[in-house]
Amino acid sequence: MRDPGRDSDDALRPANPERPRRITRKSVLRAALAATAAVPVALIGGPALARTFTPDAGPVPLTPACDDGDHPTPEQTEGPYFKPASPERTSLLEPGMPGTRLTVTGYVFGRACLPVAGVLLDFWQADANGAYDNVRYRLRGHQYTDSRGSFALTTIVPGLYPGRTRHLHVKVQAPGRPVLTTQLYFPNEPRNNTDAIFDPRLLMTVRDAGGGREAAFDFVLDLPQGPGPGPSPTGTPPSGGAWTAGTAYRAGERVVYGGRGYVCLQPHTAQRGWEPPSVPALWRAA
């Protein structure tokens, strides 16, 4: 099995080799958020210290101003195995599932280097044998960033299949914004050098931990800083009712918005900016 688009110009692997991502301003913000500390006002206008992924690492250099190369996360092909209406969950593990346990954590930032809450992240991947489940929703699921813009996924390390290196698929969408479809990669994989889709800018930071692996990646979306998370769910309206912000919708439910009917594709809590015409990942015209 292989993903499509391998022969297109925009899918070709960049010539530059794998290299660690340099410390950037959003790394500072990530460190502050991870420590559950408020981002100091001084950080918005000047440099500050950032920590690395490894706890025992020494001091790191000062970071420059906000315009420090935090470019939007690159897009990549969706591939043939995406399925809408995945379950909302932060763990893709199932009883008896073989494979090496993997946790992926990170934040979603905007172009101003500030975290974005309420962002939809939809993950899917191959199993330990390199196969995708196209019948059910094994190793598929979506979640939302919390009020600090963070996410956490528990899964397994994906297996290999012909033509591809190890990777995770993800769709990322802030309220009322276009969908970013991309893939995440593992460092030091031999097939990174032969996979035509591989992009070193999408390498996760990965380490061994407790018999499993821990990975980190921060997404940067091309958007102005969005609002915080929407209101809590207030219940589910009868099928065919008007779309309402703050309502928890289930896959298959129908709503009316702007005089037109829509069908819900994925369970979610409606927020302003996620009206049906604006979010094709969540709604389909009936």
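You'll find the structure just up there.
For the structure given in this document, a descriptive report is provided here. Just so it is clear, the model here is predicted, and its values are computed rather than measured.

1. Remarks on the environment of Val 263
When you line up the elements, Val 263 lands in strand β13 (residues 260-264). Considered as a pair, Val 263 and Gly 252 are 11 residues apart in the sequence and their alpha carbons are 5.7 Å apart. Dropping the residues within four chain positions of it, Val 263 is found in contact with Gly 252, Glu 253, Arg 254, Leu 282, Trp 283, Arg 284 and Ala 286.

2. Section: the pairing of β13
Strand residues, when the strand is regular, have side chains that alternate between the two faces of the sheet. Relative to β13, strand β12 (residues 254-257) is paired through 4 bridges, and the arrangement is antiparallel. In the strand pairing of β13, Val 255 is matched with Tyr 262. Counting the residues that bridge the hairpin from β12 to β13 gives 2 residues, and of these Gly 258 lies at a positive phi of roughly 60°. Inspection of the sheet shows β13 paired to strand β15 (residues 283-285) by 3 bridges, in the antiparallel sense.

3. Notes on empty space enclosed by the protein
Under the criterion given, the structure shown has 1 cavity of 30 Å³ or more. There is about 40 Å³ of room inside the largest cavity. Around the largest cavity, the lining residues are Phe 82, Leu 120, Asp 122, Lys 171, Gln 173, Val 179, Gln 266 and Ala 281. If you list the elements that add at least two residues to the lining of the largest cavity, you get β2 (120-124) and β5 (167-173). For the lining of the largest cavity, the class distribution of residues is 4 nonpolar, 2 polar and 2 charged.

4. Let's talk about the pairing of β5
By the criterion of burial, β5 is predominantly enclosed, with 7 of the 7 residues buried. On β5, burial covers both faces: His 167, His 169, Lys 171 and Gln 173 on one face and Leu 168, Val 170 and Val 172 on the other are all buried. Sheet topology note: the β2/β5 ladder contains 5 bridges and is antiparallel. The residue of β5 that forms the bridge with Leu 120 is Gln 173. Two strands pair when backbone bridges link them, and β5 and strand β6 (residues 180-185) are joined in this way by 6 bridges, in the antiparallel orientation. If you follow His 167 over to β6, its bridge partner there is Tyr 185.

5. Remarks on the environment of Arg 207
For Arg 207, the position within the fold is in strand β7 (residues 205-209). Separated by 105 residues in the primary sequence, Arg 207 and Leu 102 place their C-alpha atoms 9.9 Å from one another.

6. Quick notes on the packing of aromatic side chains
Enumeration over the complete set of coordinates arrives at 11 aromatic pairs. Between Phe 82 and Trp 124, the aromatic rings sit 4.8 Å apart at their centres with planes inclined by 55°, giving tilted as the arrangement. Of the two residues, Phe 82 is situated in the loop between α2 (41-45) and β1 (101-109) and Trp 124 in strand β2; the sequence distance between them amounts to 42 residues. On the basis of relative accessible area, Trp 124 is assigned to the buried category, the value being 1%. Residues Phe 217 and Phe 219 carry aromatic rings whose centres are separated by 5.0 Å and whose planes lie at 65° to one another, so their mutual orientation is edge-to-face. In this structure, Phe 217 and Phe 219 share a single accessibility class: buried. Pairwise contacts between aromatic rings join Phe 123, Phe 151, Phe 217 and Phe 219 into one cluster. If you follow Lys 83 out to its NZ or CZ, it ends over the ring of Tyr 137, 4.0 Å from the centre.

What counts as what
Along each chain, residue indices are assigned from 1 in the same order as the chain's sequence is written. Since the coordinates come from a predicted model, pLDDT governs what is reported: local features require at least 70, and pairs of side-chain atoms require 80 or more to be given and counted, while whole-chain, interface and lining totals use all residues. Calculated side-chain values reflect all of the structure's heavy atoms, with hydrogen atoms and water omitted. To qualify as a helix, a DSSP run of H or I must reach at least 4 residues; to qualify as a strand, a run of E must reach at least 2; elements of each kind are numbered from the N terminus. Should any heavy atoms of two residues lie within 4.5 Å, those residues are considered in contact. Any two strands are treated as partners once DSSP identifies two or more bridges connecting them. A pocket here means an open set of points on a 1 Å grid, computed over the protein atoms alone, that has protein on both sides within 12 Å along at least five of seven lines. A cavity is instead a set of points where a 1.4 Å probe fits but cannot get out; residues with an atom within 4 Å of a point line either one. Grid points are joined across faces, edges and corners, and a volume is the space filled by probe spheres set on the points. Nonpolar residues are Ala, Val, Leu, Ile, Met, Phe, Trp, Tyr, Cys and Pro. Charged residues are Asp, Glu, Lys and Arg, and all others, Gly as well, are polar. Only protein chains enter the calculation, and the probe is 1.4 Å; a residue is then buried if its accessible area is under 20% of its type maximum, exposed if over 50%, and partly exposed in between. Whether two aromatic rings pair depends on their centres lying within 6.5 Å, for rings of Phe, Tyr and Trp, where Trp uses its six-membered ring; planes under 30 degrees apart make the pair stacked, over 60 edge-to-face, and the rest tilted. Charge over a ring is defined by NZ of Lys or CZ of Arg lying within 6 Å of the ring centre and within 35 degrees of the ring normal.

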